[in-house]
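A structural walkthrough
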Amino acid sequence: EDQSMTKDLASGGEEPFEFSQKRALQVRQRDMNIEFHTLSIKFDNIEDVLTHVPVDIIGVHMLPLGDLRAVAEIHNDSGCKIIAIQSTFKVYNKTSLSVDACICDPEDGSQNSEAWEKALPWQETFAGECHGCVPLYLSNTPCMSVRPTGGKFHFSLPIPVPKVPVTGESVFVCCPPVEGSGETQSTYFRVRLDAKKPVGGHEDNMRIVISIHPALRVQNALPFQMQTSIYSVPAGGAGVKVAECSVGEGSVEQLYCADLKTNLRMTAFLSTFTKVSKPVLVHDADGGSVDKTIDLLDEAGGMLRLGMETTSSAWGDLTIVIYAQYLIRNFTQLPLIYGASGRVNKPAAGQNVRLLTMGSTPDKPVPPSPTKQSPSDRHSDSVFQAIYA
């Protein structure tokens, strides 16, 4: 017997429901006839009705809605069927910033955002690491634009929405600062474009995913806080500092300073290593090789060589990782001096310890005087961590 019911559900809302008569539990009947429940959905401002949504079939389904298409994502969560009805156009914010996204269609093809951003058909704010959908009735929009939230930056130039299948295509967009906002540098995003047709190939409409990413990321794999600076070096020109940031131990910092069309060099500093032998190449615009190490110097000129690796995530994010080849941890509750074998009287670079006093031998260094060492110094010695490369 067919059963029917009607419920109203606002956009973004959630409503539990059940059918009056549950489907029989048998998987196969003798006549090989299995009955499935379906839903019919009517949207405001859209004449057509979305019919035959197969709520018992787990998976992703693209369903016709006149000239439009809707996506039904159905999965099972502890026995409860979750039915999510979405448009075919999804937006992911993969940055730590809050980002405004809008759809646009400049009638005259104007590339000046000020000419069309005052009358946008749709605009939404996406918090960091969040996602959402473009309204279903606007899913066929030709262009999209983004900017950091806060009104200090203009929208980027229009980003064409893919019309053919594409996977992982990246474009860099620039959001110039608004005059009088106090900002002096533009913000750059990397925008990844993905467009995929449903399995089978009989459907011309595609699922569109546009994800917004930082231009560059720096990962500090050291047990100390690190200061870094990024320089843009155009061919035949002088380097210009485009970013400066502090990266905590084991942390990743997102940067929005460049479109990766020029070479990038970097410097790094630690608390006891306040100099660098030279800025190192971390990105080659022509795809050439980059530096694998960076040499830091302490006040005495001692050198520490750190490893450097450039990685790419599944989303295509470019990350510069700085690490040490070896790590020493002192849990002896005693002061520790380390150096090359046979040269204990010449500690390795970067150690903030008292040198051997005059008249002592390398095998018997004089320990620090208790009367001259503060409690904070003794605590620092007891938990001393050092890196050696």
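**A few points about the sheet that holds strand β19 (residues 263-269)**
Within the open sheet, the four strands sit side by side as β17-β16-β19-β21. Their pairing is antiparallel. With one partner strand each, in any of the chains shown, β17 (240-247) and β21 (280-283) form the two edges of the open sheet. When the angles between neighbouring strand axes are averaged without regard to direction, this sheet yields 30°. Summarising the sheet, strand β16 (residues 226-233) and β17 pair through seven bridges and their orientation is antiparallel.

**Details of the pattern of salt bridges**
A complete count under the given rule lists eight salt bridges for this structure. In this structure, Arg207 engages Glu73 in a salt bridge whose closest nitrogen and oxygen atoms are separated by 3.0 Å. Separated by 134 residues along the polypeptide, Arg207 in strand β14 (residues 207-214) and Glu73 in strand β4 (residues 68-77) bring together distant segments of the chain. The partner of Arg192 in a salt bridge is Asp194, with the nearest N and O atoms 2.7 Å apart. For the pair Arg192 and Asp194, one class covers both residues: buried.

**So, the state of the cysteines**
In the structure shown here, the tally under the stated rule is zero disulfides. Cysteine Cys104 is unpaired, with the sulfur of Cys102 as its nearest cysteine sulfur at 5.0 Å. Between Cys257, a free cysteine, and Cys245, which holds the nearest cysteine sulfur, the sulfur-to-sulfur gap is 8.5 Å. The exposure class of Cys257 is buried, given its relative accessible area of 11%.

**Here's the deal with the confidence of the model for the chain**
Caution is warranted with low-pLDDT regions, since their predicted coordinates should not be read in detail. Per-residue confidence for the chain gives a mean pLDDT of 79; residues scoring 70 or more make up 75%. The model gives residues 23-32 a pLDDT under 50, and that stretch makes six contacts with residues more than four places away or in other chains. Confidence drops under pLDDT 50 across residues 355-385; counting only partners more than four residues distant or on other chains, this segment forms 34 contacts.

**Topic: the packing of aromatic side chains**
Counting across every chain of the model gives two aromatic pairs. With 5.7 Å between their ring centres and 50° between their planes, Tyr92 and Trp315 make a pair best called tilted. Of the two residues, Tyr92 is situated in strand β6 (residues 89-93) and Trp315 in the loop between β23 (303-312) and β24 (318-323); the sequence distance between them amounts to 223 residues. Relative accessible area serves as the criterion here: at 22%, Tyr92 is assigned to the partly exposed category. Between Phe189 and Tyr256 the ring centres are 5.7 Å apart and the planes differ by 70°, which places this aromatic pair in the edge-to-face class. Placement of the pair is Phe189 in strand β13 (residues 187-196) and Tyr256 in the loop between β18 (252-255) and β19, with a sequence separation of 67 residues. Both residues of the pair, Phe189 and Tyr256, belong to the buried class.

What counts, and where the lines are drawn
Going along each chain's sequence as written, the residues are numbered from 1 onward. Given that the model is predicted, a residue must reach a pLDDT of at least 70 before its local features are reported, and side-chain atom pairs must reach 80 or more before they are shown or counted; all residues, however, enter totals for whole chains, interfaces and linings. To obtain the side-chain values, all non-hydrogen atoms of the structure were used and water was disregarded. Strand pairing follows a simple DSSP-based rule, namely that at least 2 bridges must link the two strands. Only runs of H or I of at least four residues qualify as helices and only runs of E of at least two qualify as strands under DSSP, and these elements are numbered from the N terminus. Axis definition: a line fitted to C-alpha atoms, over the contacting stretch in the case of helices. Angles run 0 to 180 degrees between N-to-C directions. A pair is scored as a salt bridge if a Lys or Arg side-chain nitrogen falls within 4 Å of a carboxyl oxygen belonging to Asp or Glu. Relative accessibility decides the category of a residue: with a 1.4 Å probe and only protein chains considered, values under 20% of the type maximum give buried, values over 50% give exposed, and everything between is partly exposed. Disulfides are defined as pairs of cysteine sulfur atoms found within 2.5 Å of each other. As a per-residue measure, pLDDT tells how confident the predictor is, with possible values from 0 to 100. Contact definition: two residues touch when any of their heavy atoms are within 4.5 Å. Under the pairing criterion, centres of Phe, Tyr and Trp rings, with the six-membered ring standing for Trp, must be within 6.5 Å; the plane angle then separates stacked pairs below 30 degrees from edge-to-face pairs above 60, leaving the rest tilted.

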